[in-house]
Amino acid sequence: MPRQSTSLTQATPERIAETALRIVDEDGPAALSFRTLAAALDISVAALQRRCTDLAGLLDLITDHLAARLPSIPADTDWAGATEQRFTALYELLTAHPGLIALRGARPWLGPQLLKRLAEPQLADFIKAGMTPQEAIRTYRRLYLLTLGSASFVDHRDPKSTERTTRQALAALDPEDFPHLTGNLSTIVRAVDHEVYYGALRQLIDAAAAERTRPQSRD
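Residues numbered from 1 in each chain as written. Predicted model: local features only at pLDDT ≥ 70, side-chain atom pairs only at ≥ 80, totals over all residues. Heavy atoms only, no water.

Caption draft 1: Summary view of the side chain of H65. Residue position: H65 is located in helix α4 (residues 55-67). Side-chain polar atoms of H65 contact the side chain of E18, separated by 2.6 Å. (Helix = DSSP H or I, 4+ residues; strand = E, 2+ residues; numbered from the N terminus. Polar contact = N/O pair within 3.5 Å; in protein donor to acceptor, adjacent residues only side chain to side chain.)

Caption draft 2: View of unusual backbone geometry. Its identity as a non-glycine residue notwithstanding, D42 has a phi of 65°, on the positive side. Of note, D42 is situated in the loop between α2 (34-41) and α3 (45-51).

Caption draft 3: The pattern of salt bridges, seen in detail. Considering all chains together, one arrives at five salt bridges under this definition. In this structure, the salt-bridge partner of R104 is D60, at a minimum N-O distance of 3.3 Å. Highlighted residues: R104 in helix α6 (residues 98-104) and D60 in helix α4, separated in sequence by 44 residues. Its relative accessible area of 33% is what places D60 among the partly exposed residues. One salt bridge connects E195 with R202, and the closest N-O pair in it is separated by 2.6 Å. Note on R202: relative accessible area 34%, which makes it partly exposed. Residues participating in the shared-partner salt-bridge network are E84, E195 and R202. (Salt bridge = Lys/Arg side-chain N within 4 Å of Asp/Glu carboxyl O. Buried < 20%, exposed > 50% of the residue type's maximum accessible area, 1.4 Å probe, protein only.)

Caption draft 4: Region of the structure containing the packing of aromatic side chains. This structure, assessed with the given rule, holds six aromatic pairs. Ring geometry for Y91 against Y197: centres 4.1 Å apart, planes inclined by 10°, an arrangement best described as stacked. Remark: Y197 occurs in helix α12 (residues 194-213) and Y91 occurs in helix α5 (residues 79-95); sequence separation between them is 106 residues. An identical accessibility class is assigned to Y91 and Y197; each is buried. Through a chain of ring-to-ring contacts, the aromatic side chains of F87, Y140 and Y144 assemble into a single cluster. (Phe/Tyr/Trp six-rings, centres within 6.5 Å; stacked < 30°, edge-to-face > 60°.)

Here's what the structure looks like:
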């Protein structure tokens with residue numbers, strides 16, 4: 001018989017998201033299924049499916065729950081500072097839950113919380129700073145793809161595994177053919193270097209700022 005000790009009304013979207021996220025964080029992305037999640041919530045699989053029809057719906061529920069943690073930036077913050085704060089917060093959110101990134105794959109984040117806390121205010125800041133809508137969208141995409149790519153480049157849950165794999169691959173190279181790769185092995189194999197992201201983020205923001213102040217050519 002379906003478990004009824006916890007009613008469906010108690011299995012709120014927030015509790016579903018938190019429980020699913022805990023399973024992914026503690027046991028890895030492969031551990032998440034409707035069966036394991038329903039058991040952890042003490043409800044039936046059918047009841048869980050009434051909340052989120054399939055895995056895609058469950059992942060959307062989790063990611064939008066996480067996006068609600070993104071900060072609200074004070075309105076008087078300059079656009080460059082606000083941009084850095086928003087995307088830094090997104091990066092830290094993603095790297096804290098690498099299993100979720102692995103599950104989502106290329107699926108875009110289009111939930112209302114992310115659009116409300118990141119996309120909409122960011123585009124508003126860009127346009128207020130003088131960008132055209134086309135420039136604003138292009139700049140946003142650059143920042144978003146940098147953030148998502150940097151967070152998903154390595155499994156932040158197990159960076160040592162990536163380091164071991166990289167070290168083994170480079171150690172097998174002939175130093176005469178690959179002197180720079182083999183000669184800088186200890187530096188290259190470092191899997192997690194957050195400054196790579198933070199530095200690139202600042203460079204993109206600086207480039208956007210420079211573009212705003214560059215004199216326009218006259219035909």
